[in-house]
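Below, each chain spelled out in residue letters.
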Amino acid sequence: MKLRPLHDRVIVKRLEQETKTASGIVIPDNAAEKPDQGEVLAVGPGRRNDKGDLNAMNVKVGDRVLFGKYSGQTVKVDGDELLVMKEDDLFAVVQK
């Protein structure tokens, strides 16, 4: 199944969280927090302004982004947990 987000929404897949600290302590799954980074899998066309013009999106497919811990709506697609969120919910794009 493919998802095509509408308006200014994006589909994000959370990146895996590190399970070991820098000092070598292993963090169990039940104590680990949800990661706040993800990869953009799909991008909507953008939002229309009051004049009806389409505002382009600032993110593109493949971008690594930062977002809030509780941002977006979780959906399951083909066994994968994905997040659907508005572009406004994204904090930043991680530059490589």
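Residues numbered from 1 in each chain as written. Predicted model: local features only at pLDDT ≥ 70, side-chain atom pairs only at ≥ 80, totals over all residues. Heavy atoms only, no water.

Let's talk about the overall build of the chain
Here is the rule: Under the scheme used here, helices are H or I runs from DSSP no shorter than 4 residues and strands are E runs no shorter than 2 residues, and both carry numbers assigned from the N terminus. Using a 1.4 Å probe on the protein chains alone, a residue whose accessible area is under 20% of its type maximum counts as buried, one over 50% counts as exposed, and one in between counts as partly exposed. Per-residue and other accessible areas were derived by the Shrake-Rupley procedure at a 1.4 Å probe size, with only the shown protein chains allowed to occlude residues.
Counting secondary structure elements, the chain contains zero helices and eight strands. Along the chain, helices (α) and strands (β) appear in the sequence β-β-β-β-β-β-β-β when read from the amino end. Residue burial in the chain is summarised as follows: out of 96 residues, 26% are buried. If you sum the accessible surface of the chain, you get close to 7,100 Å²; carbon and sulfur atoms cover 48% of it.

Here's the deal with the pairing of strand S2 (residues 37-43)
Regular strands place side chains that alternate from one sheet face to the opposite one. Threshold: Pairing between strands requires that DSSP locate at least two bridges from one strand to the other.
Of the strand pairs in this sheet, strand S1 (residues 9-14) and S2 are connected by five bridges, and their pairing is antiparallel. Note that in S2 the partner of Val10 across the bridge is Val43.

Some points on the environment of Leu15
Residue position: Leu15 is located in the loop between S1 and S2. In this structure the C-alpha to C-alpha distance between Leu15 and Val65, which are 50 residues apart in sequence, comes to 9.8 Å.

Quick notes on the pattern of salt bridges
Which entries qualify depends on this criterion: Salt bridges are identified by distance alone: a Lys or Arg side-chain nitrogen within 4 Å of an Asp or Glu carboxyl oxygen.
Counting across every chain of the model gives two salt bridges. Linking Arg47 and Asp8 is a salt bridge whose minimum nitrogen-to-oxygen distance equals 3.8 Å. Of this pair, Arg47 sits in strand S3 (residues 47-48) while Asp8 is found in the segment before S1, placing the two residues 39 residues apart along the sequence. One salt bridge connects Lys60 with Asp63, and the closest N-O pair in it is separated by 3.2 Å.

As for the sheet that holds S1
We apply this condition: Here an axis means a line fitted to C-alpha atoms, over the contact stretch when the element is a helix, while the angle between two N-to-C directions is reported on a 0 to 180 degree scale.
Spatial ordering of the open sheet is given by S6-S7-S1-S2-S5-S8, a layout of six strands whose pairing is antiparallel. Of all strands in the sheet, those bounded by a partner on one side alone are strand S6 (73-77) and strand S8 (90-94). On average, each strand axis in the sheet is inclined to that of its neighbour by 40°, with strand direction left out of account.

A closer look at the nonpolar core
As a reminder of what qualifies: Among buried residues, those of type Ala, Val, Leu, Ile, Met, Phe, Trp, Tyr and Cys that are joined through side-chain atoms within 4.5 Å constitute a nonpolar core. Whether two residues are in contact is decided by their heavy atoms, any of which lying within 4.5 Å being enough.
In terms of nonpolar packing, the biggest core is built from 10 residues, these being Val10, Val12, Val40, Met57, Val59, Val65, Phe67, Leu83, Met85 and Leu90. At the level of secondary structure, the elements contributing two or more residues to this core comprise S1, strand S5 (64-67) and strand S7 (80-86). Non-local contacts of Met85, meaning those with residues more than four positions away in its chain, are made with Asp8, Arg9, Val10, Phe67, Ser71, Gly72 and Leu90.

Digging into the side chain of Glu87
Put simply, the rule reads: By the counting scheme adopted, Arg and Lys are positive, Glu and Asp are negative, and His together with the chain ends is not counted.
Along the chain, Glu87 turns up in the loop between S7 and S8. Although Glu87 is buried, it makes no salt bridge; Arg47 carries the closest opposite charge, 8.4 Å away. Leave out the neighbours within four places in its chain, and Glu87 touches Asp8, Met57, Asn58 and Val59.

Side note on unusual backbone geometry
Peptide bonds are mostly trans, and most non-glycine residues show a negative phi. At His7, a position not held by glycine, the phi torsion is positive, near 55°. With respect to the helices and strands, His7 occurs in the segment before S1. In this structure, Asp78 is a non-glycine residue whose phi angle is positive, near 50°. Counting through the fold element by element, Asp78 comes out in the loop between S6 and S7. In this structure Asp78 comes out as exposed when scored by relative accessible area, which is 60%.

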